[in-house]
Structure formats: C-alpha cells, structure tokens
Amino acid sequence: MKKQSVAGIVLRTFLKSIGIIVLFLAVGVLSYYLTMLYYNQVEREERSTKYTHVISVNTGNESSNLIYSYNPEKKKIDAMVLELFDETTKNLHYITIPANTQITISATTYEELLKANQGIPQVVKMSDIPEYFSGDVAYEYGIMILQEELHADIGYFTTFTSERFHQYFEMLDKKETTYYPSRSLLDGAAKCRDEGDIEDFMEEKWDDLISDITLRQKQNYAEALVEAKRDYIRAYRAYGSESGNAFLLNKKKNRKLINSLWEMESYVSPQPGLKLQGQDVSASKTPKDKGNGQAKISDRTIQITNGSGINGLAAAYREKLETDGFQVAGVGNYVGGIQTTTTIFAKKKKWGRALAGYFKNPVIQQADNLTNGVDIEIILGTNDDLTQK
C-alpha cells in the first residue's frame with residue numbers, strides 16, 4: 001500500500017507540473033499573439049508604411065521637418081514651414097518658405113523626377129507639386145526639389161489641410177507672412193508635464209496630419225521636447241526676392257542661415273523683437289544670438305578625396321564649395337576600391353549634415369583624425385559625378 005501511495009503522489013505531482021508548464025506556454029502564446037495583433041493594428045494605421053519612399057527618411061537627433069499646408073479644393077500647397085529641432089540643445093526654429101517659391105531643378109534630379117511624371121517642367125513652383133505627383137509621396141518629391149535648392153538636408157514631412165494648418169500656425173508678420181506656432185497649440189503643449197504627456201499629445205494630433213514617418217518615430221522626440229522652452233522658439237523667413245508672381249530663394253544666404261541655426265548653443269533668452277503675448281510681434285531674418293558660442297560651418301576646413309575614379313571630380317567639387325564660401329584645405333585620391341556613394345566624415349556629425357545637400361544621399365559619419373587634420377573629409381563616390389553635363 002505504501003508503494004502505491006508513493007507512486008500515486010509522484011504521478012499527481014508529475015501531472016501538476018505538466019499542467020503548470022502547459023499553462024505557462026498557453027499564456028506565453030496568447031501574450032505573443034495579442035502583442036503582434038496590437039502592432040499589426042498600429043502598422044495598418046500608419047500611412048507611411050503603405051508606399052515606397054523616394055527619399056531617405058531621417059529622424060535623427062537633428063529633426064528637419066518640412067511642414068506643408070495643402071488646400072484640397074485648389075489642390076495646391078499654400079504654405080510651407082521648415083521646422084528644425086535639435087535634441088541636444090533643445091533649440092526649436094521655424095523658417096517660413098513662400099509657397100510660390102520657384103525652383104529650376106538640376107539635370108540630375110530632373111531626370112529622376114521624369115521617371116515618375118514625364119509632364120513635370122524643369123522650372124516648377126512648390127505650390128504646384130501636388131499637380132504632378134499623386135499620393136503622399138508627392139510631398140517627398142517636394143523635399144527632393146527644395147533641399148537641393150537650399151543645400152540642406154530635410155529628413156521628413158508633415159502635411160496639414162489648410163484649415164488645420166491655420167489652427168496650428170499663425171502669422172507674426174502679415175506683410176511677410178512669417179509663421180509661428182499658434183498660441184492654442186503652444187498652450188496645449190505647455191500642459192504636458194513629462195515625456196508621456198508629450199507622447200499622448202502627439203497621438204491626439206496624429207489623425208490631423210499625414211507624414212512619411214510613424215507616430216512612434218515622432219514620439220522619439222518627446223523626451224527632448226519636454227525640455228524645449230516655448231518662449232525661446234525662433235521664427236525666420238527664408239531669404240529671397242519676388243519676381244513677378246514667383247519667389248526666388250537666395251541659395252547662399254539660406255544655406256548660411258540654416259547652418260548657423262544648427263550651430264547655435266542652447267538659447268538662454270527669447271528671440272529679440274518677439275513678444276508672444278503682445279500685439280507688436282516680428283520675426284527675425286537672421287540669428288541675433290551673438291557671443292553664445294556659435295561656430296560657422298564656413299570656418300571649418302574640408303578635405304575632398306576622390307573615391308570615384310573619375311578624373312577631375314575632386315577639383316570640380318573644390319571649385320563648387322569654394323565658390324559657396326567653404327574652406328577646402330586640399331584634394332586627393334582615395335586609396336582603395338571605387339566608391340559608389342559619397343561619404344562625409346566630420347568631427348561633429350552636424351557639420352557633415354550641413355554639406356549633405358551637395359550630394360545624392362551621402363553617408364554621414366562622425367570621425368576624428370581626418371586627413372591633413374581637417375574638420376570634414378568628403379570621400380566622393382560615382383553617384384555624384386559633376387563632370388557629366
């Protein structure tokens with residue numbers, strides 16, 4: 001009897017153990033299923049995952065976001081604001097770019113655009129971009145055209161309908177139509193006390209816009225945005241001039257403006273001349289924060305190394321960059337295989353980003369000990385051939 005009793009106890013214990021194991025496996029499988037169901041549902045709601053992107057979408061620690069206002073009745077873009085946010089300094093800038101900006105597209109970019117629409121003209125207004133490309137990807141083609149003109153890297157876009165845009169942005173200067181985040185938007189953001197509040201605030205607004213990034217990618221900026229001071233936000237208007245019914249950008253001045261904004265140290269005071277709560281408000285056209293440690297990209301030394309094997313390419317880029325005011329310390333040939341893609345090495349990654357607009361999807365890497373002790377070294381690839389006209 002004792003033997004049977006012991007055997008029974010062992011059997012019951014064994015069966016209980018098997019039951020517990022099965023229960024844990026069932027819970028694990030169910031948790032996995034529910035988790036995947038949740039993420040699949042989120043993914044289905046993300047428009048940015050439903051088409052092939054034509055630019056390299058970039059949500060790095062320097063957020064460069066082109067904000068469009070789209071009029072669905074006229075099927076035109078009626079306002080544009082370039083938002084620059086630096087996670088490190090917590091500086092937040094808005095540069096208004098007139099919607100009637102007219103751009104002559106370079107031969108290389110124009111060739112790419114013709115693959116999507118044979119009817120697009122080489123001289124185009126930004127307001128007309130939706131006429132030539134359909135779907136959300138149209139706004140990426142807009143980035144492709146504009147960032148080449150500005151010589152600046154634009155990471156992603158956000159698009160509102162005109163009605164919604166004017167709820168979130170208001171004009172500081174009606175004469176120059178310089179936009180600034182609306183008081184209602186800023187007041188809503190001011191109620192956010194921590195990262196979670198900012199994430200909820202973003203999710204609340206997400207259905208009001210379209211973008212080529214996901215909500216989760218945007219929420220990655222939440223922690224830094226909590227520390228951004230609303231009174232220190234800067235607003236500028238792009239440099240340029242009116243020509244008939246078109247606006248022509250000043251490439252050199254705008255490149256200098258954007259580069260200087262990325263180089264600013266953390267702001268410690270509001271923008272000079274800007275009064276958020278007053279009636280007399282104005283937007284600055286140039287950064288006014290002198291003596292705060294800003295360093296101009298044009299003061300950095302550059303080495304151009306030809307990795308393409310194309311004769312004269314380094315010299316061609318040297319002439320191009322020096323014409324635009326950069327200091328090229330020297331040129332040389334790359335020791336190694338032929339490079340297809342241009343790589344920009346810089347002691348500070350944002351210095352490399354400031355030059356990204358000169359090349360087609362360059363790789364940007366931070367590095368010390370560069371050739372000839374320069375601040376930036378550019379290894380040219382065959383994709384950036386300037387010798388073919």
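That block above? That's the structure.
This report concerns the structure included in the present document. (Residues numbered from 1 in each chain as written. Predicted model: local features only at pLDDT ≥ 70, side-chain atom pairs only at ≥ 80, totals over all residues. Heavy atoms only, no water.)

**Side note on the side chain of Glu199**
Inspection of the secondary structure puts Glu199 in helix α7 (residues 195-206). Those residues in contact with Glu199 that sit more than four places away from it in its chain are Arg216, Gln219 and Ala222. (Helix = DSSP H or I, 4+ residues; strand = E, 2+ residues; numbered from the N terminus. Contact = heavy atoms within 4.5 Å.)

**Quick word on the sheet that holds strand β17 (residues 376-380)**
Taking strand neighbours across the sheet as the criterion, the five strands line up as β14-β13-β17-β15-β16 in an open arrangement whose pairing is mixed. Two strands lie at the open edges of the sheet, namely β14 (327-333) and β16 (363-366), each paired on one side alone. Strand after strand, the sheet turns through a mean of 20° between neighbouring axes, direction not considered. Here four bridges tie strand β15 (residues 343-346) to β17, and the two strands are oriented antiparallel to one another. Bridged to Thr343 within β17 is Ile379. (Pairing = 2+ DSSP bridges. Axes fitted to C-alpha atoms, helices over the stretch in contact; angles between N-to-C directions.)

**With respect to the nonpolar core**
In terms of nonpolar packing, the biggest core is built from 45 residues, with Tyr68, Leu82, Ile95 and Leu146 touching the most fellow members. Looking at this core, the element that brings in the most residues is helix α4 (residues 137-150), giving nine residues. Apart from residues no more than four positions distant in its own chain, Tyr68 is found in contact with Ile77, Ala79, Met80, Met126, Tyr139, Gly142, Ile143, Phe157, Thr158, Thr159, Phe160 and Phe165. Tyr156, Tyr180, Leu185 and Ala224 belong to the second largest nonpolar core, which has 29 residues in total. (Core = buried A, V, L, I, M, F, W, Y, C linked by side-chain atoms within 4.5 Å. Buried < 20%, exposed > 50% of the residue type's maximum accessible area, 1.4 Å probe, protein only.)

**Some points on the sheet that holds strand β9 (residues 210-211)**
Read from one edge to the other, the open sheet built from six strands follows the order β9-β6-β1-β2-β3-β10, with strand pairing classed as mixed. In the strand order of this sheet, the two ends are held by β9 and β10 (234-237), each with one partner. Both strand β3 (residues 92-96) and β10 contribute to a ladder of four bridges, which runs parallel. In the strand pairing of β10, Thr96 is matched with Arg237. With respect to the sheet, helix α10 (residues 251-263) is in contact with β1 (62-71), β2 (76-86), β3 and β10, its orientation differing from that of β2 by roughly 35°.

**Remarks on helix α6 (residues 183-190)**
Owing to its 3.6 residues per turn, the α-helix aligns residues three or four sequence positions apart on the same side. Among the residues of α6, Leu185, Leu186 and Gly188 are the ones counted as buried. Along the axis of α6, the buried positions cluster into a sector of 160°, meaning they face one direction only. Each element contacted by the buried residues of α6 is listed here: α5 (162-168), β8 (178-181) and α7. (Arc of directions from axis to C-beta.)

**A closer look at a negative patch on the surface**
Taken together, the side chains of Asp194, Glu195, Asp200, Glu203, Asp207, Glu223 and Glu227 make up a negatively charged region of the molecular surface. When contributions to the negative patch are tallied by element, the ones reaching two or more residues are α7 and α9 (222-227). Considering every element that reaches the negative patch, the biggest residue donor is α7, with three residues. With respect to the helices, strands and loops of the structure, Glu223 is situated in helix α9. (Patch = residues over 30% accessible without salt bridge, like charges linked within 9 Å, V, L, I, M, F, W, Y side chains within 5 Å. Areas by Shrake-Rupley, 256 points an atom, 1.4 Å probe, with all protein chains shown as cover. Salt bridge = Lys/Arg side-chain N within 4 Å of Asp/Glu carboxyl O. Lys, Arg positive; Asp, Glu negative; His and termini not counted. Charge placed at Lys NZ, Arg CZ, Asp CG, Glu CD.)

Remember, this is a structural readout, not a statement about activity or role.
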